[in-house]
Amino acid sequence: MLRRSLRARRRKEPYLFSLIELADTLSSLNGISAHDVESYCTELSRPVPQHEFLKNLRETAVAFRKEGKYGRVRAVIFIALTCEGHDALVELESSGIFLATGDDRVKFLSFLQRLSEDATKESQWTMLLNRMPTYRAYADLVEYRGDSLRILKKAARNPVRHWVKQLFCLVEIAFGRGYFHLDPPPELRALLDEFPSPEELASAVSLAVAIANEVRPLDIVDMSLPIVGPLDSSELAALLRAAHRLVAIKEISHNLSCFSYTLRWEEGHGVAVAIMTPPTPEFERSVQLGFIRGQLGKGKIAMDMMERGWTANPTLADIARYLVKQMGTKLYEIADPSTKYRRVRLHLPVSPQMTKVFDGGYYVDELEAIHGLTQDFLLPVQDNGAPSPTLTQHLDYACFRRMFRFLRFYSIVDSEVRTAIAKNDKTALQNSLIRIVPERDLHEMLATLGEPEEAIDSFLQLIAADVDGLGHYDLQYSPLIKVRKVPIPKIPHPETEYVLLPSAMITSNETRNSQIRAKTRFHKDGKAFVRVVSQALEKHFSHVVTEKKLRMGDLKTDVDIVLLCGGKLYLIECKHSLTATSPHEMRDLWRDVVKGRGQVTRAEHILSNPERRLAYVRQWFRHLSKAEVLELPVVRAVLSSHRLFSGLDEGGIAIRDYASLSRLLEDGELGIGYKGDDGVLHKKSFRIREQEELTCADIENYFSPESKFHRMQFHSMKAQDVFQKHGNLMLVRESYAFEVDTEEWLDYMRGQGYVERPDLAISVP
């Protein structure tokens, strides 16, 4: 099968056939040694760059793994380690080939044993041997997936999977409780409390739905009953807990394979305890601090908006509440009253006059989200008069945002009506938590905005998950789900229908998610990111050049930004990525960072040659003498658009983020807000620059391993074990938590010599 798949690539990559033949030969040996691999590898030419060669090694190993040819997988692993060393191990681990799936655990453990026996023979393979305890520990962990999978697959084989609709309802209640002041029924609180956040519950439900859909695509019959029924049943709780366990184990697998976390078992606790440890404390701290800084950034945005008086303006939710208050019961009706099927029917008045609500500008709640997107460089940067960036052939971003705002408004109105009804009628609330909407109705509603049919079709395809090609499913990315039609004699040609999750629609980060679903980026080539960063630097420093190519013989690379400042040459590689929400997405972001590290490392190597250095640097900065050029120290850095790995210094390369650099370049202040006993919001700020104006000393400190900006937040990061109990299984992650005491933080900042700004008091409306 693998050989057949390579036929189309034979002319372009003939060495792949040599690789497969070499794997065949080595796999027939009782034991593999480095000498065996090296002697055979002399016949293996590599006419491609390293990253492409590693990719091909990974794909070949994965293909053999799928075919169950573990001997050949073993051979490819040792070929990769011998040829490319640690880089190869990282690449192979990212594919998950070292992690058991549970389907053939005994055979897989035998494969790991043979790997260990061979790796013991050679010192250059010790890196693989060191990872073996983690691979074996995970093979034991997947045994705990079995019961959970059986529970879910058994339920998925039911003729009607009404439990899927019930799980969606639990998601709505969880989000309503977390974000919309919905008081859940007392009998559900204990179950909801098992999940630290609505998002974690949504992840569990997403996985349960995906498993059910694999068994048989979800159809309208699964959603057809108007009655939801009891949500506190033991059967529903068992399904949710089973999915929760599977999600937790899946996240562990991503951390082990993508970031070299380790896993071990600890005995003597009455339950099985699996402990996951980060590759280094610094890595874990930077990841957790990246998420925390994102939340702190949102807090600063809210504070800035209050300071400017923007919060006095209306939000989209305010408009929705006003509509509900004005129309009252005219806005809805109770269908099938006085029966157990009673539910709320919404009658949203859609008219050309009302659609003006969705035109142009931003409401205050949207502004807060927009500023957050700006911090992570997730909004399109456009020249004046340029058209709105496209998401699909028939849909641009402006059109997408207008239609999404309409559905968000509809969902807010729906949520407000439900909250009002919840006080008096629990049954009507439960039966109205999710909406089944015909495609025709969605088209009619969106058409009132004046959008063409092609754009509406593209919009629905973009935000809706289709059960006929569901694959990996996350309901927070897809607040609409297109279910399969079921023809019956009375209705031989039924129309397409969608499941709408109002809370998911309201809380969705649609700008980020739409780019992921459309498999596009507003900044496809990253040049806009480079331009924005370079322009920010040019406001303070004279010697900035961008997009420079370097070459020395066969070695070539490029550098996004070169900054000459304070007698140092800064090589800055800019990496624009969409912010991650899971370990799987973090893997792609880390690969961007690793790629950037490679680029600036190659650039430094080229510039270590005196002739190349003189040729390039004097061309960029003509005022420098030859002696000055040759004496310039080089500082390497990767600047990401997200915060996740910021603060790390890997191999002498600083990893930093756009939001923190912007803070340094703009106002140069860092603050904390707290609400006093008088009900007034107080803001304490410190200057993080050495002087009022930005200097080269600030830049030097920012890119140094002792960066003040990042170390001041390390002070609030406390080592902490995070526990998750799943029945007879306890999962522990050695991590960090952010614990900040206002007075302690202020004392720390003063002790470090930061200049304190005057206090600011903001009246909270």
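Note that this is a predicted model, so its numbers are computed, not measured. (Residues numbered from 1 in each chain as written. Predicted model: local features only at pLDDT ≥ 70, side-chain atom pairs only at ≥ 80, totals over all residues. Heavy atoms only, no water.)

## Brief notes about the state of the cysteines
All chains considered together, the criterion is met by one disulfide. Put simply, C565 and C696 are joined by a disulfide, and their sulfur atoms are 2.2 Å apart. Torsion about the S-S bond of the C565 and C696 cystine: about -120°, corresponding to left-handed handedness. With C565 in strand β12 (residues 555-565) and C696 in helix α29 (residues 696-702), the pair connects residues that are 131 residues apart, well separated along the chain. (Disulfide = S-S within 2.5 Å. Helix = DSSP H or I, 4+ residues; strand = E, 2+ residues; numbered from the N terminus.)

## Comments concerning the sheet that holds strand β8 (residues 464-466)
Ordered by their spatial adjacency, four strands build an open sheet running β7-β10-β9-β8, and the pairing between neighbours is mixed. Where the open sheet ends on each side, the last strands, each with one partner, are β7 (435-438) and β8. Strand-to-strand, the axes of this sheet are offset by a mean angle of 30°, without reference to chain direction. Of the strand pairs in this sheet, β7 and strand β10 (residues 497-500) are connected by four bridges, and their pairing is antiparallel. (Pairing = 2+ DSSP bridges. Axes fitted to C-alpha atoms, helices over the stretch in contact; angles between N-to-C directions.)

## Brief notes about unusual backbone geometry
In this structure, S260 takes a positive phi of about 60° despite not being glycine. Within the secondary structure layout, S260 lies in the loop between α14 (234-259) and β1 (262-266). Take S260: its relative accessible area is 25%, and that puts it in the partly exposed class. The phi angle at E547 is positive, at roughly 50°, despite the residue not being glycine. In this structure E547 comes out as partly exposed when scored by relative accessible area, which is 41%. (Buried < 20%, exposed > 50% of the residue type's maximum accessible area, 1.4 Å probe, protein only.)

## Some remarks on the nonpolar core
A general feature of soluble globular proteins is that nonpolar side chains tend to end up buried together. Formed by 67 residues in total, the largest nonpolar core has its most connected members in I77, L128 and F645. Broken down by element, the residue count for this core peaks at nine residues, all from helix α5 (residues 70-84). Discounting chain neighbours no more than four positions away, the residues touching F645 are F259, F283, S286, V287, M586, L589, W590, V593 and I655. (Core = buried A, V, L, I, M, F, W, Y, C linked by side-chain atoms within 4.5 Å. Contact = heavy atoms within 4.5 Å.)

Note that every value here comes from positions in space, so none of it alone points to a role or purpose.
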